[in-house]
Amino acid sequence: MGNLFGRKKQQSRVTEQDKAILQLKQQRDKLKLYQKRITQQLEREREIARQLLRDGRKERAKLLLKKKRYREQLLDKTENQITSLETMVQSIEFTQIEMKVIEGLQFGNECLNKMHQVMSIEEVERILDETQEAVEYQRQIDELLAGSFTQEDEDAILEELDAITQEQIELPEVPSEPLPEKIPEKVPVKARPRQAEVVAAS
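Under an unreviewed UniProt entry, the name given to the chain is Charged multivesicular body protein 6, and the source organism is Lipotes vexillifer. Under the heading Subcellular location (unreviewed entry), UniProt records this for the chain: "Endosome membrane".

1. Some details on a negative patch on the surface
Taken together, the side chains of Glu152, Asp153, Glu154, Asp155, Glu159, Glu160 and Asp162 make up a negatively charged region of the molecular surface. Residue position: Glu154 is located in helix 5 (residues 151–168).

2. So, the pattern of salt bridges
For the coordinates displayed, the defined rule picks out eleven salt bridges. The salt bridge partner of Arg50 is Glu47, with a shortest N-O separation of 2.8 Å. Here Arg50 pairs with Glu47, and both are found in helix 2 (residues 16–54), just three residues apart, close to one helical turn. Judged by its relative accessible area of 33%, Arg50 is partly exposed. By relative accessible area, Glu47 is classed as partly exposed at 46%. Residues Arg69 and Glu72 are paired through a salt bridge, measuring 3.3 Å at the closest nitrogen-oxygen approach. Of this pair, Arg69 and Glu72 both sit in helix 3 (residues 58–118), three residues apart, which is roughly one turn of the helix.

3. Quick look at the nonpolar core
Formed by Ile21, Leu24, Leu31, Ile82, Leu85, Val89 and Ile92, the largest nonpolar core amounts to seven residues. When residues in this core are grouped by element, the largest group, four residues, is from helix 3. Leaving out residues up to four positions away in the same chain, Leu85 has contacts with Leu24, Gln27, Arg28 and Leu31.

What counts, and at which threshold
Residues numbered from 1 in each chain as written. Predicted model: local features only at pLDDT ≥ 70, side-chain atom pairs only at ≥ 80, totals over all residues. Heavy atoms only, no water. UniProt positions renumbered as here; feature names shortened; annotations may be inferred. Patch = residues over 30% accessible without salt bridge, like charges linked within 9 Å, V, L, I, M, F, W, Y side chains within 5 Å. Areas by Shrake-Rupley, 256 points an atom, 1.4 Å probe, with all protein chains shown as cover. Salt bridge = Lys/Arg side-chain N within 4 Å of Asp/Glu carboxyl O. Lys, Arg positive; Asp, Glu negative; His and termini not counted. Charge placed at Lys NZ, Arg CZ, Asp CG, Glu CD. Helix = DSSP H or I, 4+ residues; strand = E, 2+ residues; numbered from the N terminus. Buried < 20%, exposed > 50% of the residue type's maximum accessible area, 1.4 Å probe, protein only. Core = buried A, V, L, I, M, F, W, Y, C linked by side-chain atoms within 4.5 Å. Contact = heavy atoms within 4.5 Å.

Given below as structure tokens:
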């Protein structure tokens, strides 16, 4: 029942390289926050040391400056660590791009190999040779046809061409038998009964 109502879990596309890049960037961000906090403390300690000197507490100010110096060294180390992390991130990202390029080249190479299996170099050479032979043969025929006919032959060819063209124009045939004459229609005589009555009366 759970499979019927629950959504099928999709396979994650996050790779191990992506996870490594994410972790490196998180560490870099943490170091940057630490670096910012140390910088603020150094500025504050410098102001305190200046105030101690104004108050005549030189030894106290000297001790504070030693502490400040130690923090500056930590700050330098933090900067180097941030640079190393950023370099590592860039290297992994560039390697990912190189892997995609290699995968594309490999796929293209496989396609080319399949095409070469379908048509080898020998097959291509054979087709080119046959094509060249056909072109040469047609050229020879054209040269023979162009040079072997006289003007009389040309006129005869044109005459035959006109005859074939006329044959293609189909006209209705003329009937050989005479057409039947049209018989006039008989007009009914209505006065004939009247004339018969006159003869009987006489």
